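Close look at the chain arrangement
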Amino acid sequence: IVAFFQPKRLAGKRVLVTAGPTFEAIDPVRGITNLSSGKMGFAIARAAREAGANVTLVAGPVSLATPRGVTRIDVRSAQDMLQATVPAAQSADIFIATAAVADWRPSSASDQKIKKDGSGKTPQLEFTENPDILATLAKSARAESGALFCVGFAAESHDLESNAQAKRVRKGVPLLVGNIGPATFGADDNALLLVDAKGTREVPRASKLELARRLVAEIADRL
Ligand code: CTP
Ligand code: CA
């Protein structure tokens, strides 16, 4: 009922969202991952749908219900997420990267479960850097021509404002959104810092759905 009365500011637009963590295998039963519930990304997908957009949600491993009317693609690793996201971006107008992508993956995953050999010796892992999905799309021809509006999120543990502005420039995105601490993982509310070329602005603490609706409105203002 609430959604019914909201203006359809993204009618006719295609929105692509990444959400949740990625999982990088060590062996068939183990891996490394990031802390992320996926709640913010799912709320953004829902808010974009409410605003009339056609929404595709590329989700890492999370336990959340798909928002009504949203097309969901489930992935596991960062490489899987890139593979699902790049083709979907070909027809998108807006890309919102909320996923907590693992920055590194074990260089080679073992086909078989690694067993303790009884000596107390621990496995030595080597890592390879994962592709940067947001930076890849932000540097694509469609983004550079203005056809694809890219929005990033920043997970920072300190100096949010300066780190977020530097990250925005480094990633080449017009809008970057910072989570204002303390750590918000899994929580139902949050406060956001919007960082663009003009500076920074705070969106005060509210539910993730309310913040998602505000963010969608901010993006619609900038199209
Ligand atoms: N991101 C991505 N692919 C990656 C890493 C990050 O798409 N391999 C996206 C995230 O979804 C987020 C933004 O980039 O929207 C910033 O992620 P963050 O982890 O804060 O930045 P990094 O560039 O990875 O830098 P660092 O973790 O070292 O601070
Ligand atoms: Ca990172």
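Every residue gets a number counted from 1 within its own chain, in the order that chain's sequence is written. Just so you know, chain letters begin at A and ligand numbers begin at 1, following the order they were written in. Two thresholds apply to this predicted model, a pLDDT of at least 70 for residue-level local features and 80 or more for giving and counting side-chain atom pairs, whereas whole-chain, interface and lining totals are computed over all residues.

UniProt positions are given in the numbering used here, feature names are shortened, and annotations may be inferred rather than shown by experiment. This chain's UniProt record puts "binding site: CTP" (unreviewed entry) on Asp103, Lys113, Pro131, Asp132, Ile133, Leu134, Phe153, Lys167 and Lys171. Judged by maximum C-alpha separation, these annotated positions cover 69 residues in sequence and are scattered in space, the widest gap reaching 37.8 Å. Here Asp103 is to be found in the loop between strand S6 (94-97) and strand S7 (104-106). The helix and strand labels rest on DSSP assignments: H or I over at least four residues marks a helix, E over at least two residues marks a strand, and numbering proceeds from the N terminus. The residue Phe153 is located in strand S9 (residues 149-154) in this model. Working definition of burial: number of other C-beta atoms within 10 Å of the residue's own, with buried at 20 or more, exposed at 12 or fewer, and partly exposed in between, all C-beta atoms being placed from the backbone. Overall, Phe153 belongs to the buried group, with 23 C-beta atoms counted inside 10 Å. Throughout, a residue-residue contact means that the two C-beta atoms, derived from backbone geometry, are no farther apart than 7 Å. Setting aside residues up to four positions removed in sequence, Phe153 forms contacts with Ala97, Thr98 and Val177.

This part is about the nonpolar core. For soluble globular proteins, nonpolar side chains are generally found buried alongside one another. Think of a nonpolar core as buried Ala, Val, Leu, Ile, Met, Phe, Trp, Tyr and Cys residues chained together by C-beta atoms that fall within 7 Å. Core analysis: the biggest nonpolar cluster contains 55 residues, and Val15, Ile44, Ala48, Phe95 and Cys150 have the highest contact counts within it. Excluding residues within four positions of it along the chain, Phe95 makes contact with Leu16, Ala89, Leu137, Leu148, Cys150 and Val151.

All right, on to the site of ligand 1 then. Ala97, Val101, Ile133, Leu134 and Gly152 are the nearest of the 15 residues found near ligand 1. It is S9 that provides the largest number of residues to the shell around ligand 1, a total of three residues. Residues that form the shell around ligand 1 fall into these classes: nine nonpolar, three polar and three charged. Nearness here has a simple definition: the residue's C-beta atom, placed using the backbone, must lie within 6 Å of the molecule or strand. Basically, the charged four are Asp, Glu, Lys and Arg, the nonpolar ten are Ala, Val, Leu, Ile, Met, Phe, Trp, Tyr, Cys and Pro, and anything else, Gly included, counts as polar.

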